[in-house]
Amino acid sequence: MKPLEIGGVSILPGETKRIELPMPPLYTDTVLSMPIHVQRGKRDGPTMFVSGAIHGDELNGIEIINRLMKSKSIKSLRGTLITVPIVNVYGVLNQSRYLPDRRDLNRSFPGSKKGSLAGRLANLFIKEIVNKCDVGIDLHTGAIHRSNLPQVRADLDDPETLAMAEAFGLPVLLNADIREGSLRQAAGDLGVKVILYEAGEALRYDEFSIRAGVKGIINVMRHVGMLNKRARKGHEISRFIARQSGWVRATESGFVNHIAQLGDHVCKGSVLASISDPYGTELSSVTCPEEGVVIGKQNIPLTQEGEAMYHIAYFRKPDSVAENLELLQDNLVLGEPSIVY
Ligand SMILES: [Zn+2]
């Protein structure tokens, strides 16, 4: 097995270590470090990273990683699991998506040692983590006041990435264009296959999103050979790749009554929400342009004309997607406190 060293700390096969990777301090001279957890199996296998809070206000990933590390399923892994619950420590401190220099870390990869703060952090993450991995899973949520239905986004034209995305085990897959400066782009340039898990809302923990995330990562670990394959319990979930997706925008400014919910199968002309003035008079209703499934929605009942309200994904079989989402919810047994992954 190849030697592994992160932040000057070496991790031997069979070892589990917590590493605090030093980062530029705050202007108050407060020392900062990126928390990293490394678990190496005794047997050889792939190296995978799982990253959370690249956007500092997207917190579900932190809890997903914490539960993953405690999970019994990963005890006898082959290869190496590197988890980084908080990549953008500055953002988490400020409860902000961005870095203190107002840059978006996920538009600053691969960065450089002498670049902006965002560029330096991106460079550190690439050099110390991504560069040492074969595959990765990057955890995200919707924006503030916006929730995403658990979904995997990836370059689904690449067969290996597609297989990983399918292995995650969610009904909704989105073929997402690679954004300039994103972690996915920089990792791809290094030959590291990365999929992105999007679920829930910024600044909130969402139980369904967390459970689906932990389960999905373990499924991918089985797929890449880090864990033994196991006979599936519950009903098998079918996967569907969205042909396209788009936001339905507010037709008026006003107060919103949301009718459609995440995961709903909606038809052309379905009323998604109604918008009223401060006196309760309905100004207009927001309708769906084409048959699809709601994969993202605004939660705050206030809207401005033109604001993105509902994210709809368009599938060949939208009714089957909705059925499989219900199955997924049943398989994850919401309401049962001590789930074993
Ligand atoms: Zn994000």
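Residues numbered from 1 in each chain as written. Predicted model: local features only at pLDDT ≥ 70, side-chain atom pairs only at ≥ 80, totals over all residues. Heavy atoms only, no water.

*Asks:* So what's going on with the overall build of the protein? Residues and values would help.
*Replies:* Across its full length, the protein carries seven helices and 19 strands. At 21 Å, the protein has a C-alpha radius of gyration in line with the 20 Å of a compact globule built from 341 residues. The dimensions of the protein, computed from C-alpha atoms along their principal axes, are 65 × 50 × 40 Å. For the protein, the residues scored as buried account for 53% of the 341 residues in total. The long-range share in the protein, meaning contacts at least 24 apart out of those at least 6 apart in sequence, stands at 71%. Surface summary for the protein: the accessible area is close to 15800 Å², and the carbon and sulfur share equals 48%. (Helix = DSSP H or I, 4+ residues; strand = E, 2+ residues; numbered from the N terminus. Rg over C-alpha atoms; globule rule 2.2 N^0.38 Å. Buried < 20%, exposed > 50% of the residue type's maximum accessible area, 1.4 Å probe, protein only. Contact = heavy atoms within 4.5 Å. Areas by Shrake-Rupley, 256 points an atom, 1.4 Å probe, with all protein chains shown as cover.)

*Asks:* Before we move on, can you summarise a negative patch on the surface with the specific residues and values?
*Replies:* On the surface, Glu291, Asp319, Glu323, Glu326 and Asp330 cluster together into a negatively charged patch. The exposure class of Asp319 is partly exposed, given its relative accessible area of 41%. (Patch = residues over 30% accessible without salt bridge, like charges linked within 9 Å, V, L, I, M, F, W, Y side chains within 5 Å. Salt bridge = Lys/Arg side-chain N within 4 Å of Asp/Glu carboxyl O. Lys, Arg positive; Asp, Glu negative; His and termini not counted. Charge placed at Lys NZ, Arg CZ, Asp CG, Glu CD.)

*Asks:* Let's hear about the side chain of Glu201: which residues, and what values?
*Replies:* Following the sequence through the fold, Glu201 ends up in strand β10 (residues 193–201). Here the side chain of Glu201 touches His145 through a polar contact of 3.5 Å, landing on its backbone nitrogen. Excluding residues within four positions of it along the chain, Glu201 makes contact with Asn60, Thr141, Gly142, Ala143, His145, Arg146, Ser147 and Asn299. (Polar contact = N/O pair within 3.5 Å; in protein donor to acceptor, adjacent residues only side chain to side chain.)

*Asks:* How would you sum up the pattern of salt bridges? Please name residues and give values.
*Replies:* Tallying each qualifying case throughout the model produces 13 salt bridges. Here Glu307 makes a salt bridge to Arg146, at a shortest N to O gap of 3.6 Å. Within this pair, whereas Glu307 is found in the loop between β18 (302–303) and β19 (308–314), its partner Arg146 is found in strand β8 (residues 146–154), the two being separated by 161 residues in sequence. If you follow the salt bridges from partner to partner, you end up with Glu63, Arg67, Glu207 and Arg211 in one network.

*Asks:* Before we move on, can you summarise the pairing of strand β7 (residues 135–140) with the specific residues and values?
*Replies:* By the criterion of burial, β7 is predominantly enclosed, with six of the six residues buried. In β7, alternate side chains face the same way, and those of Val135, Ile137 and Leu139 on one face and Gly136, Asp138 and His140 on the other are all buried. Alignment of strand β5 (residues 43–51) against β7, held across four bridges, turns out to be parallel. In the strand pairing of β7, Phe49 is matched with Gly136. Bridge count for β7 against β10 is six bridges, and the pairing is parallel. In the sheet register, His140 faces β10, and the bridge partner there is Glu198. (Pairing = 2+ DSSP bridges.)

*Asks:* Tell me about the coordination of the zinc ion, and please be specific about residues and values.
*Replies:* The zinc ion binds to the protein through His55 (ND1), Glu58 (OE), Glu58 (OE) and His140 (ND1); the donor distances cover 2.0 to 2.5 Å. Of note is the zinc ion, whose four donor atoms meet at the metal with angles of 55 to 146 degrees in an arrangement that counts as irregular. Here the donor residues of the zinc ion are spaced in sequence according to H-x2-E-x81-H. No difference in accessibility class separates His55 from Glu58, as the two residues are buried. (Donors = N, O, S within 2.8 Å, 3.2 Å for Na, K, Ca; no water. Tetrahedral: all angles 85-135°; square planar, octahedral: opposite > 155°, others 65-115°.)

*Asks:* Which residues make up unusual backbone geometry, and what values go with them?
*Replies:* With an omega dihedral of -5 degrees, the bond running from Phe109 to Pro110 counts as a cis peptide bond. The residue His145 is not glycine, and still its phi comes out positive at about 65 degrees. Mapped onto the elements, His145 comes out in the loop between β7 and β8. For His145, a relative accessible area of 36% gives the class partly exposed.

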